[in-house]
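Residue strings, one per chain:
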Amino acid sequence: MTRTTPEFSASELSAVLILCRLARFFCCETPYSTQYAAHMLLTGILQAILLIPVFLRKTPYAVPKLTMRILEGFSLVLAADTAADCYRLLTAADAPSPVLTMLLLFAAVFYAVSLPRPAIFRASVFLLAAAILAFALLPLGGLSSARILSLWTSPPAPQGLLSEWTESAELALIPMFAAAQPAASKKAAASWIGARCIALPAIVLFGTMQCGRLRTFHGNPFLLLLARVPLSDALRTDGLWLMLAVACALLACGFFLQSFCGCRLRAPIRRRTIGVSLLFALTILFIIYNVNGGILACAAIALTILQWYRPKEASA
Amino acid sequence: MKRFLAVSAILCTIFLSGCTDIRHRKYADVLAIRTADSDTVSAMLRCDNDKDWISASPDTALLFQPALETAGGIQFSTGHLSLLILQGDSLSPVQQLLRDGWVAPNCPLLLCDPSEDIRSVGDEKLSDQQKAAVENGLLPEIGVGELVGNLESRTGMALLHYHSNNHFSLALHNGTTLLAVLSNDACRGAALLTDRWGDFGFSEISGGLTETILLDSCRIRFRIQQDSENRLIIRTIVRLSLRTGDPALAAQGATRMLQAFFRETATDFGADVCYLEEAARRCGITVPSAQQWREMLRNAAFEILIE
């Protein structure tokens, strides 16, 4: 019996999945309010329920080809979307030469994608450790200036649950990894859900307590949170956090792109399959900008879950 | 791969080693804005280690940046402002500045009396004096973020530091009109509520003798109830930690300051500048419309319980 080396460990997959969500958290305009934290928690619970099949599955299985192409196309869309979010963050933070930075980012992403798959997974563990250390500084710096009563401040506009679905779209990719390594994916999915249900709502609540009644701040609220914490006096901080945000976005882009084409790099490229995935990517992109990303994410997950129970022979 | 890495290294060297040309950017220290009416604005800016003021009069608040940059012939960074001085009735430029990312939310600000000359106010070490007043518990800490947050809250009123005749106090403002200048006791009550001071000392007279009281810390909780006539009963539970002085006199002084603060803000104007709305919501009270909430605050009974 030959022993095969696992492509990724549970901690590596969980790190990369958490960093994908973290990249969105840094780059998107997450509203800081108690209601949004509650919505995050609720969405996390709903997604955990959706992932029950992943938790129950013990043996490897084969994802049907059509579902695989859809998920690959979706990965490509996520990579593009993350890159766009990163550019938006660089512009909002008034970083010097955002276009050139993005060009360098693309070079780094393509280099990361060309590496064997474990490279991105291993890097993500180190990056997540750095992110945890950085986040640990926030409460140390801002505990004295937090106002608990701010948690009861009414939000200016109703918060949507759908945005949280859109920003945690990597959920749809979990079954793809679970097909190859159910045990590691199970643990990774559990940590991802844990981070989404506990760590991120906690950061949102902390931000809410820091920002007081200021709710209609235009721009990235994470910059507002940093500005409110006494550790950083300036609004336009371009130090550790910006580097961390860009690194997370880079890693997420690399991960999504590798999910799209990484498996083909070591094998002869079949134009037909790439073409099908690209077609799906374009369709998904069209739906995202014309319908809603959340609906799309739900559809992708539903499709995956419906199809993955097929026996291996049937999909071959 | 080696070629790729070499090319990347060269590109990084070319693109990332360049710095901003500091000759074309200055860091502003003090920014002063004067509003005559809703549309007329004049702005003045003084940079670090620079005695000269750069002034401009843009047509609207939206045109601050280009007007000042044209007048100064240089780009300005205002992320590290040590003071934002305001003069005039309208506070809308502050909201505009925060929205445009010109000032940080924790940037200190000061409203000046219309009779004062902004240049002479800005030239003094006013920023340091203001910080000392906050540190000594004479004024609460108020930044641009607090001001804008309170102005956008249900009652639409906010407190901000006020400077007149070389004296600091607090002004209650509704964004367009200065409603009142608070008394010294009310200012100290506001500072006591925030608990962000270093030393909080005051004196009380007892039996003809003046006793000095120094506080270490002050923790405040609100308990809000409604009586049978829907009247709010706002209990402020204060836990004082004394460094020196008689506890009874400390309680007497703290009660006087807090009562003055609530009387001059909530009772007189229906203003909510200390998270009363949030405290009511926490206590399960449904907060009505802005007008009704202001009315409820005007009629509320304030009780101070010192522990």
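Residues numbered from 1 in each chain as written. Chains lettered and ligands numbered in written order. Predicted model: local features only at pLDDT ≥ 70, side-chain atom pairs only at ≥ 80, totals over all residues. Heavy atoms only, no water.

Undergrad: Describe the overall build of chain A, listing the residues and the values that go with them.
TA: Tallying secondary structure elements over chain A gives 14 helices and 0 strands in all. The order of helices and strands in chain A, counted from the N terminus, is α-α-α-α-α-α-α-α-α-α-α-α-α-α. Going through the 316 residues of chain A one by one, you find that 54% of them count as buried. For chain A, the proportion of contacts with a sequence separation of at least 24, taken over those separated by at least 6, is 88%. Carbon and sulfur atoms make up 70% of the accessible area of chain A, which amounts to about 14,100 Å² in all. (Helix = DSSP H or I, 4+ residues; strand = E, 2+ residues; numbered from the N terminus. Buried < 20%, exposed > 50% of the residue type's maximum accessible area, 1.4 Å probe, protein only. Contact = heavy atoms within 4.5 Å. Areas by Shrake-Rupley, 256 points an atom, 1.4 Å probe, with all protein chains shown as cover.)

Undergrad: So, helix 9 (residues 182-211) of chain A: which residues are in play, and what are the values?
TA: Residue and element names in this part refer to chain A. In a regular helix each residue adds 1.5 Å, so 30 residues correspond to 44 Å; helix 9 covers 42 Å between its end C-alpha atoms and thus fits that length. The axis of helix 9 is deflected most strongly, by about 35 degrees, at Ala195. At the C-terminal side of helix 9, Gly212 shows a positive phi close to 60 degrees. (Expected span 1.5 Å × (residues − 1). Bend = angle between axes of the 7 residues up to and from the residue.)

Undergrad: An account of the packing of helix 7 (residues 184-194) of chain B against helix 8 (residues 247-269) of chain B is requested, with residue identities and associated values reported.
TA: The packing of two helices is summarised by the inter-axis angle and the distance between the axes. Residues and elements named next belong to chain B. The geometry of helix 7 relative to helix 8 is characterised by a closest axis approach of 7 Å and an angle of 100 degrees between their N-to-C directions. Taken together, helix 7 and helix 8 sit at an angle that is classed as roughly perpendicular. Contacts between helix 7 and helix 8 involve Asp185, Ala186, Arg188, Gly189, Ala190, Leu192 and Leu193 from the first element and Ala254, Arg256, Met257, Leu258, Ala260, Phe261, Phe262 and Glu264 from the second. The residue inventory of the contact of helix 7 with helix 8, partitioned by class, reads 10 nonpolar, 1 polar and 4 charged. (Axes fitted to C-alpha atoms, helices over the stretch in contact; angles between N-to-C directions. Parallel < 35°, antiparallel > 145°, perpendicular 65-115°, else oblique. Nonpolar A, V, L, I, M, F, W, Y, C, P; charged D, E, K, R; others polar.)

Undergrad: I'd like a description of the pattern of salt bridges, backed by residues and values.
TA: Residues and elements named next belong to chain B. This model, assessed by the stated rule, comprises 20 salt bridges over all chains. Between Arg256 and Asp185 there is a salt bridge; the shortest N-O distance is 2.9 Å. Here Asp185 lies in helix 7 and Arg256 lies in helix 8, a separation of 71 residues in the sequence. We classify Arg256 as partly exposed; its relative accessible area is 32%. Its salt-bridge partner being Arg256, residue Glu204 comes within 2.5 Å of it at the nearest N-O pair. With a gap of 52 residues between them, Glu204 in strand 10 (residues 200-206) and Arg256 in helix 8 connect regions that are remote in the sequence. (Salt bridge = Lys/Arg side-chain N within 4 Å of Asp/Glu carboxyl O.)

Undergrad: Go over the pairing of strand 6 (residues 109-112) of chain B, please, and point to the residues and values.
TA: All names here are of chain B. With burial as the criterion, each face of strand 6 is covered, one bearing Leu109 and Leu111 and the other bearing Leu110 and Cys112. By the bridge criterion, 4 bridges tie strand 5 (residues 83-88) to strand 6 in an arrangement that is parallel. Counted as the bridge partner of Leu86 is Leu111 from strand 6. Each parallel crossover has a hand, and for strand 5 linked through helix 3 (residues 92-99) to strand 6 it is right-handed. Looking at chain direction, strand 6 and strand 7 (residues 158-164) are connected through 3 bridges and run parallel. Across the sheet, Leu111 pairs through a bridge with Tyr162, a residue of strand 7. (Pairing = 2+ DSSP bridges. Right-handed = clockwise from strand over helix to strand, strands pointing away.)

Undergrad: Report on helix 10 (residues 290-299) of chain B, specifying residues and quantitative values.
TA: Residues and elements named next belong to chain B. Buried residues of helix 10: Trp293, Arg294, Met296 and Leu297, and no others. Buried residues of helix 10, viewed axially, fall in a sector of 160 degrees; they line one side. The elements touched by buried residues of helix 10 are strand 11 (209-226), strand 12 (232-244), helix 8, helix 9 (276-282) and strand 13 (301-306). (Arc of directions from axis to C-beta.)

Undergrad: Help me get a handle on the packing of aromatic side chains, residues and values and all.
TA: Applying the stated criterion across every chain, the model contains 14 aromatic pairs over all chains. An angle of 5 degrees between the planes, with centres 5.9 Å apart, marks the rings of Phe26 of chain A and Phe135 of chain A as stacked. With Phe26 of chain A in helix 1 (residues 10-27) and Phe135 of chain A in helix 6 (residues 117-142), this pair connects stretches of sequence that are 109 residues apart. Residue Phe26 of chain A shares its accessibility class with Phe135 of chain A, and that shared class is buried. Centroid distance Phe200 of chain B to Phe202 of chain B: 6.0 Å. Interplanar angle 80 degrees. Geometry classified as edge-to-face. Comparing Phe200 of chain B with Phe202 of chain B, the two get one shared label, buried. Three or more aromatic residues joined by ring pairs form one cluster here, namely Phe8, Phe121, Phe177, Phe255 and Phe256 of chain A. Above the plane of the ring of Trp192 of chain A lies Arg196 of chain A, whose end atom (NZ or CZ) is 5.1 Å from the centre. (Phe/Tyr/Trp six-rings, centres within 6.5 Å; stacked < 30°, edge-to-face > 60°. Lys NZ or Arg CZ within 6 Å of the ring centre and 35° of its normal.)

Undergrad: So what's going on with a nonpolar patch on the surface? Residues and values would help.
TA: All names here are of chain A. Together, Leu41, Leu42, Ile45, Leu46, Ile49, Ile52 and Leu56 give the surface a local cluster of nonpolar side chains, amounting to about 610 Å² of exposed area. Secondary structure elements with two or more residues in the nonpolar patch: helix 2 (34-50) and helix 3 (52-56). A per-element tally of the nonpolar patch places helix 2 first, with 5 residues. Within the secondary structure, Leu56 is located in helix 3. (Patch = residues over 30% accessible without salt bridge, like charges linked within 9 Å, V, L, I, M, F, W, Y side chains within 5 Å.)

Undergrad: Talk me through the packing of helix 4 (residues 65-92) of chain A against helix 5 (residues 98-114) of chain A; I want residue IDs and the actual numbers.
TA: All names here are of chain A. At their nearest, the axes of helix 4 and helix 5 sit 10 Å apart, and the two run at 145 degrees to each other. For the crossing formed where helix 4 meets helix 5, the hand is right-handed. Here Ala83, Cys86, Tyr87, Leu90 and Thr91 of helix 4 lie close against helix 5, whose contacting residues are Pro98, Val99, Thr101, Met102, Leu105 and Phe106. (Left-handed = near helix turned anticlockwise from the far one by under 90°.)

Undergrad: Any chance you could break down unusual backbone geometry for me, citing the residues and the numbers?
TA: Residues and elements named next belong to chain B. Even without being a glycine, Asn165 presents a positive backbone phi close to 50 degrees. Tracing the sequence through the fold places Asn165 in the loop between strand 7 and strand 8 (167-173). Of note in the backbone geometry, Asn230 takes a positive phi value of approximately 65 degrees without being a glycine. As for its placement among the helices and strands, Asn230 is situated in the loop between strand 11 and strand 12.

Undergrad: Please set out the nonpolar core residue by residue, giving values where relevant.
TA: By size, the foremost hydrophobic cluster in this structure holds 98 residues, and its most contacted members are Leu84, Phe222 and Phe261 of chain B. Among the elements that line this core, the one with the most residues is helix 8 of chain B, at 9 residues. Here this core gathers at least three residues from each of two domains, domain 1 (26-181) and domain 2 (199-307) of chain B. Excluding residues within four positions of it along the chain, Phe222 of chain B makes contact with Leu149 of chain A together with Leu193, Ile234, Arg235, Thr236, Phe262, Cys274, Leu276, Ala279, Arg282 and Cys283 of chain B. Core analysis: the next-biggest nonpolar cluster, separate from the first, contains 84 residues, Ala131, Leu173, Phe222 and Ala252 of chain A among them. (Core = buried A, V, L, I, M, F, W, Y, C linked by side-chain atoms within 4.5 Å. Domains from an automatic or database assignment.)

Undergrad: Go over the environment of Ile237 of chain B with me, naming the residues and quoting the values.
TA: Residues and elements named next belong to chain B. Of note, Ile237 is situated in strand 12. Given the relative accessible area of 11%, Ile237 is considered buried. Here the alpha-carbon distance between Ile237 and Leu305, two residues 68 residues apart in the chain, equals 4.8 Å. Apart from residues no more than four positions distant in its own chain, Ile237 is found in contact with Arg219, Ile220, Arg221, Arg223, Leu305 and Glu307.

Undergrad: Pulling in residues and values, what's your account of the side chain of Gln87 of chain B?
TA: All names here are of chain B. Topologically, Gln87 is positioned in strand 5. Under the relative-accessibility criterion, Gln87 is labelled buried at 3%. A polar side-chain atom of Gln87 sits 3.4 Å from the main-chain carbonyl oxygen of Pro114. Discounting residues that sit within four places of it in the chain, Gln87 has contacts with Ile33, Arg34, Thr35, Leu111, Cys112, Asp113, Pro114, Ser115, Glu116 and Ile118. (Polar contact = N/O pair within 3.5 Å; in protein donor to acceptor, adjacent residues only side chain to side chain.)

From the geometry alone we can't say anything about function, so treat these as descriptive.
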